[in-house]
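# Topology and contacts: notes
Here is what each chain is made of, one letter per residue.
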Amino acid sequence: MAAQIIDGKAVSAKVKEEVRQEIEREGLEVGLAVVIVGDDPASRVYVNNKKKACEVCGIKSYEYALPAETTEEQLLELVDTLNADDKVNGILVQLPLPKHLNEEKVIERISPMKDVDAFHAANVGKIMIGNYAFLPCTPAGCMELIHSAGIDVSGKECVVIGRSNIVGKPMAMLLLHENGTVTVCHSRTKDLKEVCRRADILVAAVGRAGFVTADMVKDGAVVIDVGINRNADGKLCGDVAYDEVAEKASFITPVPGGVGPMTIAMLMKNTVMAKRIQSK
Ligand code: NAD
């Protein structure tokens, strides 16, 4: 039987509408600063989409587009200015940064209270403990999709492929918080296929088109595809060989229209949360 599609566009529209209503109802003034350095075309698309989502939600967005040759000192100075600016509740520095800039140093400079990506070590630590204000947007979006399909994570075998700080590791933590039995796989994992076949919930965050094939998926599994890749024809696709896996899974997220839109919706949620924290 073919899998049910979890519609990320619809769920993200719902989350954004909830954020919009919350802002309207309470007359909140919320601002998000988006910093982009250089002219990476993918980053430009992401930044534009984030600005559009701000408009939809009634969040004021402030864009800072800096040239590729911006020095670390200049970027850190801008972060300091934004940290001190009361109109700015959230600060997002679009990654990746040009190679001469130290991403870790820049992220650590953002006030943890304005770190709406939840990449700052202080926020990452809170996520580990389970006492957090912000959740990293992509894993939080995956959880929202899982919930939207009415899936209870408790006691389920969960396998996450990928161990990045942005997706894989926090994803594993969020599944663990909901009492999943979690395995994290990576490039050195042995018998990846066998491990994946145990999964009731399989999350792919690898960055390789068509990486997860049907023989790696248990019948009836829930498959969440985080990957954003281009296939040989230049078409946008995920990490999952969608057509064959959809024949086996119970639920599946498409690419595009799955996790991607959720990431932005969760960013909007985090920005309102930031406003609340700062208003206390
Ligand atoms: P990354 O390159 O930092 O991490 C990839 C992970 O995959 C690594 O941990 C690595 O160990 C693992 N991996 C690589 N080859 C493997 C193999 N052969 N077997 C098992 N594991 C292997 O990437 P990332 O930042 O975590 O992103 C992963 C994908 O998700 C990318 O396609 C990225 O574009 C996408 N992404 C999407 C969103 C979204 O909003 N939908 C957000 C962030 C990232």
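Here's a quick rundown of the structure. Everything numeric here is computed off the predicted structure, so don't read it as measured data.

The rules behind the values
- Residues numbered from 1 in each chain as written.
- Predicted model: local features only at pLDDT ≥ 70, side-chain atom pairs only at ≥ 80, totals over all residues.
- Heavy atoms only, no water.
- Helix = DSSP H or I, 4+ residues; strand = E, 2+ residues; numbered from the N terminus.
- Rg over C-alpha atoms; globule rule 2.2 N^0.38 Å.
- Buried < 20%, exposed > 50% of the residue type's maximum accessible area, 1.4 Å probe, protein only.
- Contact = heavy atoms within 4.5 Å.
- Areas by Shrake-Rupley, 256 points an atom, 1.4 Å probe, with all protein chains shown as cover.
- Lys, Arg positive; Asp, Glu negative; His and termini not counted.
- Charge placed at Lys NZ, Arg CZ, Asp CG, Glu CD.
- Pairing = 2+ DSSP bridges.
- Axes fitted to C-alpha atoms, helices over the stretch in contact; angles between N-to-C directions.

So, about the overall build of the protein. Along the backbone of the protein there are ten helices and eleven strands. Over its C-alpha atoms the protein spans a radius of gyration of 19 Å, differing by no more than 12% from the 19 Å that the globule rule assigns to 280 residues. Expressed along its principal axes, the backbone C-alpha trace of the protein runs to roughly 55 × 45 × 35 Å. Looking at the protein residue by residue over its 280 residues, the buried ones come to 48%. Contacts spanning at least 24 positions in sequence make up 70% of the contacts within the protein whose residues lie at least 6 apart. Approximately 13500 Å² of the protein is accessible, and the part contributed by carbon and sulfur atoms is 52%. Put simply, the protein has 33 plus and 38 minus side-chain charges, and the middle of one group is 1 Å from the middle of the other.

In spatial order, the strands read S3-S2-S4; together these three strands make up an open sheet with parallel pairing. A single partner strand is all that each edge strand has here, and the edge strands are strand S3 (60-66) and strand S4 (90-93). Ignoring which end each strand starts from, the neighbouring axes of this sheet average 15° apart. Sheet strands touched by helix H2 (residues 41-57): strand S2 (31-37), S3 and S4. Its angle to S3, the strand with the most contacts, is close to 160°. This element, helix H10 (residues 259-279), spans S2 and S4 of the sheet and lies at about 125° to S2.

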